[in-house]
Amino acid sequence: MENNILDNERAVSILKNKGEQTIKELAQELKVTTEGARFQLLKLSNEGFVKSESRSKGRGRPKQVWSLTAKGHARFPDTHSGLTVKLIEKIKQNLGEEALNQIIFAAGEDNIVRYKENIDSTDSLENKLEQLAEIRTKEGYMARFEKEEDGSFMLIENHCPICEAAKTCQGFCKSELNTFKKVLGENIQIKRVNHILAGARRCAYKIEEEPAKV
């Protein structure tokens, strides 16, 4: 019984971190047989945590892929979401939108100071991203980074622990971009290419150094 619960948690975690998976792919990640993976997925599906759909690619047979439902994503914590949303609404009502944005910006400045204490400004962009991803993971963002073939990087955050607050006020997302820019360096270009609030399963940022000026 305990092993089944652990396998369920691992399956959900894999789908959260890696996105949609076929049964074969999930079986390899779980190190179980395809029948074992199918059993876990069907159980999670019956509980409403995962869903499946058929995908056609080329002339081959359609393949069935599995991903998390909204209920599945909700298994991961959204830090004090109820209280935070209520506070945001009260600030809007009593002080206005501009005051709320000023508060969010001030909190972002605090984050910049804290991040800079742990990230060496003289490090390479890759080392800075390694440290940033580590800090963000500790904060609940399930962050990692990848180096692209063109030399740029992708900072990937598979979870947003302040999602409900961000839905209420987009200022949080703007503040994050500003924080990354200030921490990684003014000569860095950052573009959000995936956004959880836009329906993506994760937030992802393409990050690269600006070309040297001639």
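Residues numbered from 1 in each chain as written. Predicted model: local features only at pLDDT ≥ 70, side-chain atom pairs only at ≥ 80, totals over all residues. Heavy atoms only, no water.

**What to know about the confidence of the model for the chain**
Reasoning step 1: Looking at the chain as a whole, its pLDDT mean stands at 85, while 90% of the residues score no less than 70.
Reasoning step 2: Across the chain, the secondary-structure element scoring lowest on mean pLDDT is helix 1 (residues 2-18), at 73, and the one scoring highest is strand 5 (residues 153-157), at 97. (pLDDT = per-residue confidence, 0-100. Helix = DSSP H or I, 4+ residues; strand = E, 2+ residues; numbered from the N terminus.)

**Observations regarding the side chain of Lys 16**
Reasoning step 1: Here Lys 16 lies in helix 1.
Reasoning step 2: When neighbours within four sequence positions are excluded, Lys 16 is seen to be in contact with Leu 68, His 73, Phe 76, Met 142, Asn 158, His 159 and Arg 201. (Contact = heavy atoms within 4.5 Å.)

**A few points about the state of the cysteines**
Reasoning step 1: Counted under the stated rule, the structure contains zero disulfides.
Reasoning step 2: For the unlinked cysteine Cys 169, the closest cysteine sulfur is that of Cys 173, found at 8.8 Å.
Reasoning step 3: The class of Cys 169 is buried, set by a relative accessible area of 2%.
Reasoning step 4: The thiol of Cys 203 is not disulfide-bonded; the next cysteine sulfur, from Cys 160, is found 5.9 Å away. (Disulfide = S-S within 2.5 Å. Buried < 20%, exposed > 50% of the residue type's maximum accessible area, 1.4 Å probe, protein only.)

**Considering the sheet that holds strand 5**
Reasoning step 1: Across the sheet, which stays open at both edges, the four strands sit in the order 4-5-7-6 with antiparallel pairing between neighbours. At either margin of the open sheet sits one strand with a lone partner, and together these are strand 4 (143-147) and strand 6 (188-194). Going across the sheet, the axis of each strand differs from the next one's by a mean of 25 degrees, ignoring polarity.
Reasoning step 2: Sheet analysis places strand 4 next to strand 5, joined by five bridges and oriented antiparallel. Pairing of Phe 145 across the sheet is with Leu 155, part of strand 5.
Reasoning step 3: Running over the sheet, helix 7 (residues 125-138) touches strand 4, strand 5, strand 6 and strand 7 (203-209) and is turned about 160 degrees from strand 4.
Reasoning step 4: The strands touched by helix 9 (residues 171-184) are strand 5, strand 6 and strand 7; relative to strand 6, the strand with the most contacts, the crossing angle is about 145 degrees. (Pairing = 2+ DSSP bridges. Axes fitted to C-alpha atoms, helices over the stretch in contact; angles between N-to-C directions.)

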